Amino acid sequence: MNRIMGASNEGTPSETGLLAAARNGSREAFSILARLYQERIFRTILRFTRNPEDARDLTQETFMAAFRSLRSFRQGAGFYTWIYRIAVNSTLNFLKKKGREKNRTEFREDVDSISGPGSSPEGESIRSELGRRLAEAVRDLPLPFRSSFILVVQEGKSHADAAGILGCSENTISWRMHKARKVLQGKLKPYLDEVRHDVP
Amino acid sequence: MTCRKYERWISDNMDGQLSDRKKATLSGHLEDCASCRSYEKSLKILQDEAGKLLQLNVQPEFMKALSKRLEESLYSKPAARVAKTIRHAGRWKWAWVGAAVLVFALVAGGIIFFFMSKTSPDPWPVSYEDSLAQILGEIGEDTGLAESFNQVLQASIGEALLQAESPTFWEGLDEEGVELMELDIANGREI
């Protein structure tokens with residue numbers, strides 16, 4: 001196994017070794033790579049779809065698409081970055097095709113959101129309401145704005161990285177972020193005012 | 001500069017995308033502008049809440065099921081075909097290179113053969129003057145042989161003129177023939 005995967009000094013398979021083996025058609029090596037990143041990819045997709053079944057299908061599609069086009073992968077770029085782009089693009093295509101921006105189901109029992117600690121029970125309630133409204137408001141943003149918002153705020157990408165993934169300029173991302181925030185702030189103003197009074 | 005511009009700067013600043021110079025300018029503006037301070041505070045609350053939304057609690061069973069599905073699809077028949085294609089891709093590459101070289105050689109050979117066949121053959125190794133001098137030497141004083149040679153020569157000249165693309169046929173005529181032709185011209189007949 002180590003011979004196939006090019007094990008590192010610690011005995012754990014190195015990504016480069018796994019990639020080299022996978023590029024030669026080793027499904028075993030690719031399976032290990034998939035296990036390394038599947039959860040992160042699934043969570044990213046879930047942020048876009050907010051539907052675990054869709055996210056699960058898209059995660060599977062993403063890895064299969066990656067396996068099929070593995071020979072086109074250039075070693076210079078990181079494998080995770082490459083597969084992350086495939087995942088985001090597949091998800092955006094899926095959302096565009098299915099037109100599922102509206103009437104999306106909320107998280108199910110096995111995949112739900114955790115609310116943060118509030119400063120008081122009353123504050124917790126206001127915050128929790130704000131969180132619910134914010135989730136809805138983000139969901140209602142047009143796809144280009146939503147994808148930019150998710151990538152930058154929720155995935156922590158820089159404007160440059162988000163621009164690279166979405167195929168637009170950094171300036172466009174900056175503008176979309178500004179507009180998205182403006183829209184969200186306008187929609188949630190009453191809740192924000194309440195929370196602001198609660199925050200010192 | 002209006003507050004609208006600063007609102008965009010506030011957004012950029014939250015993403016860590018604002019230059020130090022702009023940050024200083026924005027900071028100065030925020031000290032003076034209560035409206036922008038309020039806007040920034042609202043965005044910070046939104047940012048905090050958006051951050052909490054992403055803390056997704058995925059059940060381990062769900063991830064195990066996903067892992068199993070991925071494994072199954074990787075070991076399915078279509079994936080096996082893909083793996084086989086990937087493994088043989090290197091061999092096919094060399095086969096294509098070989099085929100390309102072969103095609104190139106055939107085309108180049110064809111072109112060379114085409115141009116070689118169009119080139120004129122080597123000139124006759126013995127010059128006309130030399131061969132004539134040799135024949136005349138052999139004829140010597142033999143008048144009969146000289147006359148026969150003249151006849152053969154005239155016949156071949158006449159034949160060559162008739163075969164030529166634009167034969168000036170009168171050059172092959174004897175005196176009598178030329179006289180007849182002149183007569184025809186004088187009488188206005190077509191030649």
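Refer to the structure printed above.
A brief structural summary. (Residues numbered from 1 in each chain as written. Chains lettered and ligands numbered in written order. Predicted model: local features only at pLDDT ≥ 70, side-chain atom pairs only at ≥ 80, totals over all residues. Heavy atoms only, no water.)

**So, the overall build of chain A**
Counted only if it meets this: Where helices and strands are cited, they refer to DSSP runs of H or I of at least four residues and of E of at least two residues respectively, numbered from the N terminus. Only protein chains enter the accessibility calculation, which uses a 1.4 Å probe. A residue is then buried if its area is under 20% of the maximum for its type, exposed if over 50%, and partly exposed in between. When checking whether two residues touch, look at their non-hydrogen atoms; a contact exists if any pair is within 4.5 Å. Throughout, the Shrake-Rupley method with a 1.4 Å probe supplies accessible areas, and for residues the shown protein chains are the sole cover considered.
Broken down by element type, chain A carries 10 helices and one strand. Helices and strands in chain A line up, N terminus first, as α-α-α-α-α-β-α-α-α-α-α. Burial analysis of chain A (200 residues in total) assigns 50% to the buried set. Of the contacts formed within chain A by residues at least 6 apart in sequence, a portion of 61% connects residues at least 24 apart. For chain A, the exposed area adds up to about 9,600 Å²; of that, 47% sits on carbon and sulfur atoms.

**Some words on the interface of chain B and chain A**
Quick note on the threshold: As a working definition, buried area equals the accessible area (1.4 Å probe) given up by two parts on being put together, with both sides summed. In what follows, salt bridge is the name for a side-chain nitrogen of Lys or Arg lying within 4 Å of a carboxyl oxygen of Asp or Glu. Throughout this description, a polar contact denotes any pair of N or O atoms lying within 3.5 Å of each other; where both atoms belong to protein, one of them has to be capable of donating a hydrogen while the other can accept it, and for residues adjacent in sequence the pair is counted only when both atoms sit in side chains.
Taken together, the 45 residues of chain B in the interface contact 62 residues of chain A. Where chain B abuts chain A, roughly 5,200 Å² becomes buried across the two surfaces, and 60% of that area is made up of carbon and sulfur atoms. Between the two partners, chain B and chain A, sit four salt bridges. Between B:Glu71 and A:Arg35 there is a salt bridge, with the nearest N and O atoms lying 3.3 Å from each other. Here chain B is connected to chain A by 17 residue pairs in polar contact (both at pLDDT 80 or more). Counting only elements with at least two residues in the side of chain B that touches chain A, the list comes to helix H1 (3-14), helix H3 (34-53), strand E1 (56-58), helix H4 (60-74) and helix H5 (77-118) of chain B. Of all the elements, H3(B) adds the most residues to the side of chain B that touches chain A, at 13 residues.

**So, the packing of aromatic side chains**
Residues and elements named next belong to chain A. This is how it is decided: Classification of ring pairs rests on two measures: the distance between centres of Phe, Tyr or Trp rings, Trp counted by its six-membered ring, which must be within 6.5 Å, and the angle between planes, read as stacked under 30 degrees, edge-to-face over 60 and tilted in between. Two conditions define a charge located above a ring, namely a distance within 6 Å from the ring centre to NZ of Lys or CZ of Arg, and an angle within 35 degrees of the ring normal.
Inspection of the entire model under this criterion finds 13 aromatic pairs over all chains. Their ring planes at 45 degrees and their centres at 5.9 Å tell us that phenylalanine 79 and tryptophan 82 sit as a pair that is tilted. Of this pair, phenylalanine 79 and tryptophan 82 both sit in helix H5 (residues 79-98), three residues apart, roughly one helical turn. Of the aromatic side chains, those joined through ring pairs into one cluster are Phe30, Tyr37, Phe63, Phe67, Phe73, Phe79, Tyr80, Trp82 and Tyr84. Against the face of tyrosine 80 rests arginine 40, its NZ or CZ located 3.9 Å from the ring centre. For the cation-ring pair, lysine 157 lies above tyrosine 84, with the distance from its terminal atom to the ring centre recorded as 4.1 Å.

**Overview of H3(B)**
Quick reminder of the rule: A helix is expected to span 1.5 Å for every residue after the first.
An ideal rise of 1.5 Å per residue puts 28 Å on 20 residues; H3(B) measures up with 29 Å between its terminal C-alpha atoms. Within the sequence span of H3(B), burial applies to B:Cys36, B:Tyr39, B:Glu40, B:Ser42, B:Leu43, B:Ile45, B:Leu46, B:Glu49, B:Ala50, B:Lys52 and B:Leu53.

**Section: the nonpolar core**
Residue and element names in this part refer to chain A. Defined as follows: Residues belong to one nonpolar core when they are buried, are Ala, Val, Leu, Ile, Met, Phe, Trp, Tyr or Cys, and are joined through side-chain atoms within 4.5 Å. Domain extents, as shown, originate in an automatic or database domain assignment.
Residues Phe30, Ile41 and Phe79 are the most contacted members of the largest nonpolar core, which totals 82 residues. Counting contributing residues per domain, this core is built from domain 1 (2-98) and domain 2 (111-198), each supplying no fewer than three. Beyond its immediate stretch of four places on either side in the chain, phenylalanine 79 contacts Glu15, Leu19, Phe30, Leu33, Tyr37, Leu70 and Phe73.

**Some points on the pattern of salt bridges**
For the structure shown, the criterion picks out 10 salt bridges over all chains. Measuring nitrogen to oxygen at the nearest pair gives 2.6 Å for the salt bridge that ties A:Arg181 to B:Asp15. Of this pair, A:Arg181 sits in helix H9 (residues 170-187) while B:Asp15 sits in the loop between H1 and helix H2 (20-32), placing the two residues on different chains. A salt bridge links B:Glu7 to A:Lys182; the nearest nitrogen and oxygen atoms lie 2.7 Å apart. Here B:Glu7 is found in helix H1, whereas its partner A:Lys182 is found in helix H9 on a different chain. Of the residues examined, B:Glu7 reaches a relative accessible area of 12% and is grouped as buried. The class for A:Lys182 is partly exposed, based on a relative accessible area of 32%.

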